Amino acid sequence: MARVGLVWALLFALAGCGTPAPDRAVTPRVSPADSELSAAGGLLDITHSEILLLARAQHGKKAALVNVWATWCAPCVAEMPHLVALKNRYPDDLELILVSADFDEQRSAAAAFLRELGAPEGMYFKAENDQEFIGGMPGGWTGALPAVWIFPKSGGDAIFWEGARQPEEIADAAARAIQQEQGR
Amino acid sequence: MMMKKVIVLSICAGLALGCQSGDQAARSTTSGEKAGAPVQTADAPKAPAPMSAAPKAAPVAGPVQSELAIGSKAPAADIDVMDVSGKSLTLAGVKSANGLLVIFSCNTCPWVLAWEGRYNGLAQAARDAGIGMIALNSNEANRDGDDSLDEMRAHAEKNGYTFPYAVDPNSAIANAFGATRTPHVFLFDKDLTLVYRGAIDDNAKQPDDVKAVYLLDAIRAVGSGSPVAVKDTKSIGCSIKRI
């Protein structure tokens, strides 16, 4: 179900925003393993292009918070409950896009960790090489985890940081992204 | 009379309080340290330390810079760093005739653990190319635990490191370099000009599936005096644990 939803979200994003179509059709890869994973509440493969499409598809409706994390990354694990809490605080105004950069062996552990936290849908797994993934994300990311992008509800450039941040700072940034008016 | 004494005492108290405020390092938002952390002020002796000297006071760590740009000169080249062997080193001292290779690393990050099997091969390639190599541990926040000098020594011995592995005190060198993660690589030429920064290669987890040996290519280029073809790459890693 989540896989179908992702496809529809991307199609609406492409149809609605009026930007030129990407060089290739952005259809998430569906493999038997992926279907089983998503049926079991696992993580969906994602590339940087797909992340940006998803985030920008929220323009006008919600702010989008993209977080690249890993089960091995202690500050990532520490801040994850705060990100989930933010989503619960702003269910209709904030979209969480959580992307695990774990190695394959930790993929199911990553999914289990998020499920335990009650993370909503929007749980992904980096399925692209580092160079293209990191280089394709905006803001000058050098690859350190955690990494966060917050796309304002009104559109425009995301704010970005890499490394840990205090929960209050994250909450403030999210609140600003939600309240941001056009042209600010 | 009394009034004058009160005024003088008040001025003295004000001056005394003002003098204790100390330095607050301005920090950029490119790294993960908490805002407002005070900077230690201490002497940083310039002369190399004899091995019997008392432990050095930690240097003043400057603010975190953005990632050192290609073409920049190596900063912090004279900061003393304590190697696991007990020697005090500097980047300037580690540099060889043709250049210097610095890898920001640590003891526990899974990306380090995945890549460090390739460290000795790189060290050998560097030696062959006349390039000095050093690994630095900048995780000051873990200095009493996982990234202590003792843990570093044990880690270097267990992995048979053939190159120095030293404490970056207060993350001073990482801050000057704008290093963000482990592993994070910086390669300098014979003039200590940065010619390559970023990743070791394009595959942390599968050494046999590596297609692009970025750092090895850069080392060979520097050793032969050729330009480095791919100067700037990226890789996932654990953020450096600054205080």
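Higher on the page you've got the structure.
Residues numbered from 1 in each chain as written. Chains lettered and ligands numbered in written order. Predicted model: local features only at pLDDT ≥ 70, side-chain atom pairs only at ≥ 80, totals over all residues. Heavy atoms only, no water.

Enquirer: Can you walk me through the pattern of salt bridges in this structure?
Expert: Oppositely charged side chains can form a pair if their charged atoms are brought close together. Residues and elements named next belong to chain B. Under the criterion given, the structure shown has 13 salt bridges over all chains. When the shortest N-O distance is used, the salt bridge between D191 and K190 registers 3.4 Å. Bridged by salt links that share partners, the residues E67, R197, D232 and K234 form one connected network. (Salt bridge = Lys/Arg side-chain N within 4 Å of Asp/Glu carboxyl O.)

Enquirer: What exactly am I supposed to notice about the packing of helix α4 (residues 74-89) of chain A against helix α7 (residues 167-179) of chain A here?
Expert: In a pair of packed helices, the angle between the axes and the distance between the axes together describe the arrangement. All names here are of chain A. Contact pair α4 / α7: the axes reach a minimum separation of 10 Å and the direction vectors enclose 30°. For the element pair α4 / α7, the angle class is roughly parallel. Considering the relative orientation of α4 and α7, their crossing is right-handed. Facing E79, H82, L83, L86 and R89 of α4, the residues of α7 in contact are P167, I170, A171 and A174. A class-by-class count of the residues in the contact of α4 with α7 yields six nonpolar, one polar and two charged. (Axes fitted to C-alpha atoms, helices over the stretch in contact; angles between N-to-C directions. Helix = DSSP H or I, 4+ residues; strand = E, 2+ residues; numbered from the N terminus. Parallel < 35°, antiparallel > 145°, perpendicular 65-115°, else oblique. Left-handed = near helix turned anticlockwise from the far one by under 90°. Contact = heavy atoms within 4.5 Å. Nonpolar A, V, L, I, M, F, W, Y, C, P; charged D, E, K, R; others polar.)

Enquirer: Quick question: what am I supposed to make of the packing of aromatic side chains here?
Expert: Each aromatic ring pair is specified by the distance between its two centres and by the angle formed by the two planes. Summed over all chains, the structure comprises 13 aromatic pairs over all chains. Considering the side-chain rings of W69 of chain A and F113 of chain A, the 5.6 Å spacing of their centres and the 40° angle between planes classify their relative orientation as tilted. Here W69 of chain A, found in strand β2 (residues 63-69), pairs with F113 of chain A, found in helix α5 (residues 107-116); they are 44 residues apart in sequence, far enough to count as distant. The exposure class of W69 of chain A is buried, given its relative accessible area of 0%. Take F113 of chain A: its relative accessible area is 21%, and that puts it in the partly exposed class. Judged by centre distance (5.1 Å) and plane angle (85°), the rings of F177 of chain B and F186 of chain B are edge-to-face. The exposure class of F177 of chain B is buried, given its relative accessible area of 0%. One aromatic cluster is present, formed by F133, W141, W149 and F160 of chain A through successive ring pairs. (Phe/Tyr/Trp six-rings, centres within 6.5 Å; stacked < 30°, edge-to-face > 60°. Buried < 20%, exposed > 50% of the residue type's maximum accessible area, 1.4 Å probe, protein only.)

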